[in-house]
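Now for the letters of each chain:
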Amino acid sequence: MSRKAMVVCPQPEAAESGIEILQAGGNAVDAAVACALAQTVVDPLMCGIAGFGTGAVYMAGKGVHEYIDFHAPAPAAAKPDMWAHLLEGEARDGFGFSIKGRLNDIGPQSIAVPGTLRGLEAMHRAHGRLPWRDVVEPAIAWARDGFFVRPAMYAFWIDEPHMGRASNRERLAWCEDGRRLYCRADGSPKTIGTPLTNPDYAETLRMIAAEGADAFYVGALADRMLEFLSAQGALISREDLAAYQPARNAPLSGTYRDRRITTNQPPGGGAMLIEMLNILEHFDLAGLGHNSPEYIRVVCEAMKRATADKDRYIGDPKFVDVPLDRLLSKDYASQAAAAIRAGEKVRIERVDSAVVVPRDTTHLSVVDGDGNCVSLTHSLAMPSGVIAPGLGFMFNGCMGVFDPRPGRAGSIAPGKSRFTSSCPTIVFRNGEPEIVLGAPGGTQIAMGVLQSLLNVIDFGHPMQTAVSLPRFSATSNAIDICNRIPRAVERALAGQGYEVIRNPFGYTIAWVHAIRMADGQLQGGADPGRDGVAYETVVAG
């Protein structure tokens, strides 16, 4: 008997790789790992094997539902106060801090301990069906044979610098290998349609296919990386790499109306998502009218409360006592809903807030023919720009989101992972998975995922419509709206005393990629703000 399977992600090339693995007899985990590795080739500023991430795995036949969390901790050499005297400002949306000299933002000191490759290997070892070599091979082929610059990729590459932050064009051109791979002779990024190949990365991936992640963490690749990074003054050490292990965690679980929401534990963004849903459950959102001024006010105040709680309480639970029982309680949500109904406004405190900074992340959602599901978000944070000569991949810049001020939930500490809004999520209805989703988008990830869920659950939209409708956000004291929200709505919100900031993009505030299982069919949703696709295939059951 044949059954349908689907891969949804922002890169057509990576989705093809996932589909081919499913057609070759792989399961959802095999497809997700192949897709993720292909993403590291064809979207090299959004993600990489030297990045971090978090992924939900649901194996229908095994009764397994868990998260593989591969966050990027601060190196052992990091000190809580090492940049406190250099603090200049904080992004308006809370996504990172600016310091003098930009040491946390670009270059070797911005690199935290890479987690992605170990995480993908752990996921495959636990639940994959095909050999490791087979799931790495598609990425090797893309690096060897080539792809081209896509429109969304190029738009991201040519962004402008923001209040002390490096632009992505600067990150591309930071080192010689980056300029050779991704830039034209004048140092500007290669343009849409330009063919790209990365033979150095193809060779790196061949070593990983043959030796596993050990090649990267303790083997020959580690030797080459560390020789270069040490000479550049990086904080990361051989001991950091050798000791790194991902975590396997139970999902964070909540309810919304007649659904069960499962998402990731701190320092991921799942707690924010559940807190917001708990609050919004107290409102007749459909009755307010989709994207009406009152609807936006109510949802934004829920967003602001979750953001304020995140800033104060949510960090790496190995270092911070995160009060999840209180934050996610229905009583706490009821009190918050009553305050919103009464017109109260939450104020979010920020340090000399700058504009919103880049969001360098990607996502994939997979469902296979047996009903197994994977929702995986991975990233380079704000990429460091650093590529070790001859290896072909860029290192993360995860240190830029740590708070340089000691004594806070997001402060620097050796071995500590910083908060990420990433919240790959699986929604269950009547005990069965219904929606598999997640998004890139920095601090806006949870806000995009939230609205996509509301669009399905409260408004009854199919998945593609749900991820395509205009979005808004409030992760500061302002309300950000996309350019497809009418100005009459903007004026009404401004009349209530809100600062409303119009984004010039029509599709923005995270880029959600999702699959919904409804009435025996798979509904794919690929956010129009990226180059994404929802590819379906028929596989043997």
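Residues numbered from 1 in each chain as written. Predicted model: local features only at pLDDT ≥ 70, side-chain atom pairs only at ≥ 80, totals over all residues. Heavy atoms only, no water.

S.K.: Explain helix H17 (residues 445-457) here, please?
M.R.: An α-helical segment advances 3.6 residues per turn. Residues three or four places apart therefore align on the same side. The first and last C-alpha atoms of H17 sit 18 Å apart over 13 residues, in line with the 18 Å expected at 1.5 Å per residue. For H17, the tally of buried residues reaches 13 of 13 residues, placing the bulk of the element in the interior. (Helix = DSSP H or I, 4+ residues; strand = E, 2+ residues; numbered from the N terminus. Expected span 1.5 Å × (residues − 1). Buried < 20%, exposed > 50% of the residue type's maximum accessible area, 1.4 Å probe, protein only.)

S.K.: Looking at this model, I keep getting lost on the pattern of salt bridges. Mind explaining?
M.R.: Scanning the model with the defined rule gives 31 salt bridges in all. The salt bridge involving Asp527 is made with Arg471; its shortest N-O contact spans 2.5 Å. Residue Asp527 is found in the loop between strand E19 (521-526) and strand E20 (533-540), and its partner Arg471 is found in the loop between helix H18 (463-468) and strand E15 (472-473); the two are separated by 56 residues along the sequence. One exposure class covers both Asp527 and Arg471, and it is buried. For the salt bridge of Arg502 with Glu490, the shortest nitrogen-to-oxygen distance reads 2.8 Å. Within this pair, whereas Arg502 is found in strand E17 (residues 499-502), its partner Glu490 is found in helix H19 (residues 487-495), the two being separated by twelve residues in sequence. (Salt bridge = Lys/Arg side-chain N within 4 Å of Asp/Glu carboxyl O.)

S.K.: Mind showing me how you'd approach the domain arrangement of the protein chain here?
M.R.: When the parts of a complex come together, some accessible area is lost, and that lost area is often taken as the interface size. On domain assignment, one finds that the protein chain holds domain 1 (3-66 + 85-248 + 356-417) and domain 2 (253-350 + 425-512). Summarising the inter-unit geometry, the C-alpha centres of domain 1 and domain 2 are found 27 Å apart. Across the contact, 27 residues belong to domain 1 and 34 residues belong to domain 2. Scanning the region where domain 1 abuts domain 2 turns up zero salt bridges. Joining domain 1 to domain 2, the criterion identifies seven residue pairs in polar contact (both at pLDDT 80 or more). Of all the elements in the fold, those that place two or more residues in the side of domain 1 that touches domain 2 are strand E2 (52-59), strand E11 (361-367) and strand E12 (373-379). Element by element, the count of residues in the side of domain 1 that touches domain 2 is highest for E11, at five residues. (Domains from an automatic or database assignment. Contact = heavy atoms within 4.5 Å. Polar contact = N/O pair within 3.5 Å; in protein donor to acceptor, adjacent residues only side chain to side chain.)

S.K.: Would you explain the environment of Gly448 in this entry?
M.R.: Summarising the element assignment, Gly448 is placed in helix H17. When the C-alpha positions of Gly448 and Ser473 are compared, they lie 8.2 Å apart, and in sequence the two are 25 residues distant.

S.K.: Looking at this structure, I do not really get the sheet that holds E19. What am I missing?
M.R.: One key point about sheets: their strands pair by backbone hydrogen bonds, in either a parallel or an antiparallel sense. Pairing in this open sheet of six strands is antiparallel, and the strands run E9-E10-E13-E14-E18-E19 from one edge to the other. Two strands bound the open sheet, and with one partner strand each, they are strand E9 (252-256) and E19. The average angle at which neighbouring strand axes cross in this sheet is 20°, direction not considered. Across six bridges, the pairing between strand E18 (residues 513-518) and E19 is antiparallel. When the sheet's bridge partners are listed, Arg516 is paired in E19 with Gln523. Packing against the sheet, helix H12 (residues 270-280) makes contact with E9, strand E10 (259-263) and strand E13 (425-429), and its axis sits at approximately 20° to E9. (Pairing = 2+ DSSP bridges. Axes fitted to C-alpha atoms, helices over the stretch in contact; angles between N-to-C directions.)

S.K.: Mind showing me how you'd approach the packing of aromatic side chains here?
M.R.: Given two aromatic rings, one states the distance between the centres and the angle between the planes to describe the pair. For the structure shown, the criterion picks out nine aromatic pairs. Seen in terms of ring centroids, Tyr295 and Phe472 are 6.0 Å apart; in terms of plane orientation they differ by 85°. Their pairing is edge-to-face. Here Tyr295 is found in helix H14 (residues 293-313), whereas its partner Phe472 is found in strand E15, with 177 residues between them in sequence. The rings of Tyr201, Phe216, Tyr217, Tyr244, Phe393 and Phe395 are connected pair by pair, giving a single aromatic cluster. In this arrangement the basic side chain of Arg341 is found over the ring face of Phe283, its NZ or CZ atom lying 4.5 Å from the centre. The aromatic ring of Trp511 is capped on one face by Arg530, whose charged end is 5.3 Å from the ring centroid. (Phe/Tyr/Trp six-rings, centres within 6.5 Å; stacked < 30°, edge-to-face > 60°. Lys NZ or Arg CZ within 6 Å of the ring centre and 35° of its normal.)

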